[in-house]
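Fold and geometry: a report
One-letter residues, chain by chain:
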Amino acid sequence: MAHLFRELSLGHSKRETTPPPPPSMASVIPSDLPPSPLGQLAVQFSESDLRLIAYEIFVAACRSATGKPLSSAVSSLSVANPDSPINNGVSPASPAVQRSLTAAAASKMKKALGMKSLSSLSPGSTKSPGSGSGSGSGGKSKRPTTVGELMRIQMRVSEAVDSRVRRAFLRIAASQVGRKIESVVLPLELLQQLKSSDFTDQQEYDAWLKRSLKVLEAGLLLHPRVPLDKTNSSQRLRQIIHGALDRPLETGRNNEQMQSLRSAVMSLATRSDGSFSDSCHWADGSPLNLRLYELLLEACFDSSDSTSMVEEVDELMEHIKKTWVILGINQMLHNLCFTWLLFSRYVVTGQTEMDLLYACESQLAEVAKDAKTTKDPEYSQVLSATVSAILGWAEKRLLAYHDTFDRSNVGTMEGIVSLGVSAARILVEDISNEYRRRRKGEVDVARTRIETYIRSSLRTAFAQRMEKADSSRRASRNQKNPLPVLAILAKDIGELAVQEKRMFSPIWKRWHPFAAGVAVATLHVCYGNEIKQFISGISELTPDAVQVLRAADKLEKDLVQIAVEDSVDSDDGGKAIIREMPPFEAETVIANLVKDWIKARIDRLKEWVDRNLQQEVWIPVENQEGGYAQSAAEVLRITDETLEAFFQLPIPMHPAVLPDLIIGLDKYLQYYVSKAKSGCGSRTTYMPTMPALTRCTTGSKFQGVWKKKEKSPPSQKKNSQVTIANGEGSFGATQICVRINSLHKIRSELDVVEKRVITHLRNCESAHTDDFSNGLGKKFELTPAACIEGVQQLSESLAYKVVFHDLSHALWDGLYIGDLSSSRIEPFLKELEQNLTVIAETVHERVRTRIITDIMRASFDGFLLVLLAGGPSRAFTIQDSQIMEQDFKSMKDLFWANGDGLAMDLIDKFSTTVRGVLPLFSTDTDSLIERFKGTTLEAYGSSAKSRLPLPPTSGQWNGMEPNTLLRVLCYRNDESATRFLKKTYNLPKKL
């Protein structure tokens, strides 16, 4: 039946004169107030029961401390027994007993706690100290005049109950003369002194009786000061209390049941706790004592204004402390309980009264001092629970302070931070064994906590803004060019960083000198995780990708700037914070994407070159000057379009990646040039193979017959150059001219393209003066040289093709074959002139001179080749040298064209070799032989004396070169020459 007894709610009678009081702060617990760390009672009491128990202890302790009863509003009335020795000789209204209150003096306690006192209120304030409770009759409020009356009002005890309690204490005092109050078990004595006649009705008496027994059960059995052992006293007391459920307890002095109760109670209450005192331990076990003391401390707060203390708090507190001897409270426990009361009062009153918060912080500083001076396990347990509860409440707000605070309430943040840091220091520095094992210098509790709060709250805020950005993106899906999520997020995080720097970092800086740096480093890491994931999924340059990367780059610069500014006074200049911010490398990613874009473009352009040049017919573009091919026009157009597309890319680093584009375009144009000139051959492609050396057969008859037989009629291929020029597909003379024009066009347009690049650069948002004043990276390096080389190669190829391929019938197959008078150079010059006319009309005037010069050089080379390597079908006498001189002059005149052609200086320059060789053909044979021997001996030394070596063909004809002299002798129609060649080298007469 005991559990049924414990669950009874024992209140006052319905006939109580005082109306039901408003609930105490302890009974109004909002959801955000942590559970009380002072502990929970194992037996159930109502709030009013606990207040009455606390009030009884208060009255008893104050009476005992002064030796006189504490006066209340009714204590001036005569009591039932005026002859009692308690009243004898003492006036109830004397100052020693009455302790009247004044409200004029400012409270020292309030001042110490930093709380406002009545004197600090406006002059017009009419608030009364201790006001807010009516008298027992329910009439108009009146100002209490004594501490006792103030306490009765604050504890919400009716005058009738107060009168009964005081009568009982008078009786107890009469029966316990000379005993200290701490050696008295109050509930036991009250059971002995109060009868049912002292109560309004039997119901009220029964409720009081059961409450008194529950107090004994709670203080002696459930929450004893001294731990219980297996004694008969505890078993007997439990049986008596539970037996009271079956039949009412007889409380007479000589009653056997009461004697048993007293015996069991005193046996348990007088057990020693090791303090060598004669105190009875019935209300000093935890958490009963702490709960009762908390109710007493609550009386310090004005019942009409739950956020402020009564003005008489100093005197009231002085009296409350007198209960310490009964409740087992000391200064440390008082500081702890009072700290919790101030804290809970701040929380339940809306968390707006900063006086309460500062008072709590001030009191917590006292707790911190206490914690350093004692290692009492019971105290440490309550200390840990209390401080943990306060810290937990503070951290619940600080770990997500962006949700907790805004401009309207940020003023309370510093106080809450200070409270949380103070609580954390006590927990770590004074309670944590781990901290004691480590050197204190290694742990900065405040700084560590602040970093935790900043990082936690900003991570939460980041996640919220991430979700917000995603919602914003979804909402704008139907809009034109909606911003990507990470671009929206970057803007939001930038704003969050600025808000953090302006609103919160100045508060954090009191405990952490680089709070802003920690904040932006946290945001940098959070956004960095998202941007890295985004970057890993990018495969090509898109507008969305560029928007996100540019936004990320701007955000990073802003965050780093804040970190640098915040760390300017740090020992390492902010390097530690910067190390926490691994770069996004957004610009590098953009640059790499642009490079990929450039590479893809260039690869496509090269594919275009391959595809288009296979179809190119190399005919001049209609209605265009310069005679270049359609492919050249397309190449330049595509180059312009590529540059235009590049500068339209929404990127911040055009100047930085421009060199990559120029290099790519340069290679692409160079590739076009190499393709344009490929397949057209070179000088060696068209040069005929030199026949083996032979000697002439002398004798005019055989020679004449041989000449007629070997001679090829020059008229066979007359005028065939037109067919040759246009009949070889894309490699005809005209087509080669168009190729040359195309390369010249590209070369000449590169300057225009480079100027256009500079113009684009000037319009770039990120360009600087150096970007367009310095030519490096904006000029084509490969293509100009390739064009020059290509024009040279094609010009030479064209020249030797015309001379040795297109006109081979007139030169190689016709010139000086047989009778020289009938096979002179006129047919060759005539066809050559026709070809020159076509070529001159086709090629650009800027390259015309070069091409005609190359044709002239090829013609001179062909003329010498006929004379020195024309094969056995050709033989010359000394008299033929005149014809040769005349024909060569005719050739030079063709290119001079009466002053309208090439300059005479140029003609002389390239005719030097021919002019050096022709005199050999008019030199007598013996002289030639001697000169040959002399030059050979000079070239080969003494080894050539026994036998003249055969000089190799160098191709570099020269009048003093052995091979040249030998060839003149080979083609000399002279007996001496033939005999010398037969004897010296045994050369054949024919192949």
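Residues numbered from 1 in each chain as written. Predicted model: local features only at pLDDT ≥ 70, side-chain atom pairs only at ≥ 80, totals over all residues. Heavy atoms only, no water.

**Observations regarding the overall build of the protein chain**
- Tallying secondary structure elements over the protein chain gives 41 helices and zero strands in all.
- In the protein chain, buried positions account for 52% of the 991 residues.
- For the protein chain, long-range pairs separated by at least 24 residues make up 78% of all intrachain contacts whose partners lie at least 6 apart in sequence.
- Carbon and sulfur atoms form 50% of the exposed surface of the protein chain, whose accessible area is close to 45,500 Å². (Helix = DSSP H or I, 4+ residues; strand = E, 2+ residues; numbered from the N terminus. Buried < 20%, exposed > 50% of the residue type's maximum accessible area, 1.4 Å probe, protein only. Contact = heavy atoms within 4.5 Å. Areas by Shrake-Rupley, 256 points an atom, 1.4 Å probe, with all protein chains shown as cover.)

**A closer look at the packing of aromatic side chains**
- Counted according to the given criterion, the structure contains 22 aromatic pairs.
- Centre to centre, the rings of W340 and F343 are 5.3 Å apart; their planes meet at 40 degrees, and the pair counts as tilted. A residue pair is termed a helical-turn pair when its members lie 3 or 4 positions apart in one helix, as W340 and F343 do in helix α14 (residues 331–348) at three residues.
- Site record: aromatic cluster; members linked through ring pairs are Y816, F860, F863, F876, F888, F895, F921 and Y971.
- Positioned above the aromatic ring of F301 is the side chain of R345, whose terminal nitrogen or guanidinium carbon lies 4.2 Å from the ring centre. (Phe/Tyr/Trp six-rings, centres within 6.5 Å; stacked < 30°, edge-to-face > 60°. Lys NZ or Arg CZ within 6 Å of the ring centre and 35° of its normal.)

**Section: empty space enclosed by the protein**
- Enumeration according to the criterion identifies seven cavities of 30 Å³ or more in this entry.
- Computed from the structure, the second largest cavity encloses a volume of approximately 70 Å³.
- Lining the second largest cavity are I53, E56, I57, L186, P187, L190, W208, R211, S212, V215 and W282.
- Where the lining of the second largest cavity is concerned, the elements lending two or more residues are α2 (47–66), α7 (186–193) and α8 (202–222).
- Broken down by element, the lining of the second largest cavity gets its largest block of residues, four residues, from α8.
- Residue classes in the lining of the second largest cavity are distributed as eight nonpolar, one polar and two charged. (1 Å grid on protein atoms, 1.4 Å probe; cavity = no way out; pocket = protein on both sides within 12 Å on 5 of 7 lines; lining within 4 Å. Points joined across faces, edges and corners; volume = space filled by probe spheres on them. Nonpolar A, V, L, I, M, F, W, Y, C, P; charged D, E, K, R; others polar.)

**Let's talk about the confidence of the model for the protein chain**
- Taken as a whole, the protein chain shows an average pLDDT of 83; of its residues, 83% reach a score of 70 or greater.
- The least confident element of the protein chain is helix α1 (residues 2–6), whose mean pLDDT is 31; the most confident is helix α11 (residues 288–298), at 95.
- Note that pLDDT drops below 50 for residues 121–129; the model gives that stretch 11 contacts with residues more than four away or on any other chain.
- Taken as a whole, residues 131–140 scores under 50 in pLDDT and shows 13 contacts with residues more than four places along the chain or in a different chain. (pLDDT = per-residue confidence, 0-100.)

**Overview of the packing of helix α33 (residues 782–806) against helix α35 (residues 845–869)**
- Orientation of α33 relative to α35, taken along the N-to-C sense of each, is 45 degrees, at an axis distance of 8 Å. One element, α33, and the other, α35, form an angle in the oblique class. When you trace α33 past α35, the crossing you get is right-handed. Here α33 contributes V791, Q792, S795, E796, L798, A799, Y800, V803 and F804 to the contact with α35, which in turn contributes V847, R850, I851, D854, I855, R857, A858, S859, D861, G862 and L865.
- Grouping the constituent residues of the contact of α33 with α35 by class yields 11 nonpolar, four polar and five charged. (Axes fitted to C-alpha atoms, helices over the stretch in contact; angles between N-to-C directions. Parallel < 35°, antiparallel > 145°, perpendicular 65-115°, else oblique. Left-handed = near helix turned anticlockwise from the far one by under 90°.)

**Description of unusual backbone geometry**
- The omega angle of the peptide bond from S286 to P287 is 10 degrees, so this bond is cis rather than trans.
- Here P287 is to be found in the loop between α10 (256–269) and α11.
- The residue W618 is not glycine, and still its phi comes out positive at about 55 degrees.
- Tracing the backbone through its elements, the reader meets W618 in the loop between α25 (586–615) and α26 (630–647).
- Exposure remark for W618: the relative accessible area of 2% places this residue in the buried category.
- For N898, which is not glycine, the phi torsion reads 55 degrees and is therefore positive.
- Relative to the elements of secondary structure, N898 occurs in the loop between α36 (880–896) and α37 (904–910).

**Quick notes on the pattern of salt bridges**
- This model, assessed by the stated rule, comprises 38 salt bridges.
- Close ionic contact of E414 with R510 constitutes a salt bridge, the shortest N to O distance being 3.2 Å. One end of the pair, E414, is in helix α18 (residues 413–431); the other, R510, is in the loop between α21 (485–508) and α22 (515–536), with 96 residues separating them in the sequence.
- Across the salt bridge formed by E796 and R857, the nearest N and O atoms sit 2.6 Å from each other. Remark: R857 occurs in helix α35 and E796 occurs in helix α33; sequence separation between them is 61 residues.
- A residue is classified by how much of its surface remains accessible, and E796, at 22% relative accessible area, is partly exposed.
- It is possible to trace a salt-bridge network through shared partners that takes in E796, R850, D854 and R857. (Salt bridge = Lys/Arg side-chain N within 4 Å of Asp/Glu carboxyl O.)

**A look at the packing of helix α31 (residues 733–762) against α35**
- The N-to-C vectors of α31 and α35 enclose an angle of 130 degrees; their axes lie 10 Å apart at closest approach. Considering the angle they form, α31 stands oblique to α35. In the crossing of α31 with α35, the sense of the turn from one axis to the other is right-handed. Contact residues: I740, N741 and H744 in α31; R846, V847 and I851 in α35.

**Observations concerning the side chain of R695**
- Assignment of secondary structure puts R695 in the loop between α28 (683–686) and α29 (700–710).
- Buried charge without a partner: R695 forms no salt bridge, and the closest opposite charge is E975, 7.0 Å away.
- Polar side-chain contacts of R695 include one of 2.4 Å to the backbone oxygen of L987.
- Discounting residues that sit within four places of it in the chain, R695 has contacts with C970, T978, L981, K982, L987, P988 and K989. (Lys, Arg positive; Asp, Glu negative; His and termini not counted. Polar contact = N/O pair within 3.5 Å; in protein donor to acceptor, adjacent residues only side chain to side chain.)

**Remarks on α26**
- Over its 18 residues, α26 extends 26 Å from the first C-alpha to the last, a length consistent with the 26 Å expected when each residue adds 1.5 Å.
- Burial in α26 covers these residues: S631, A632, E634, V635, L636, I638, T639, T642, L643, A645, F646 and F647.
- On its buried face, α26 is in contact with α25, α27 (654–677) and α31. (Expected span 1.5 Å × (residues − 1).)

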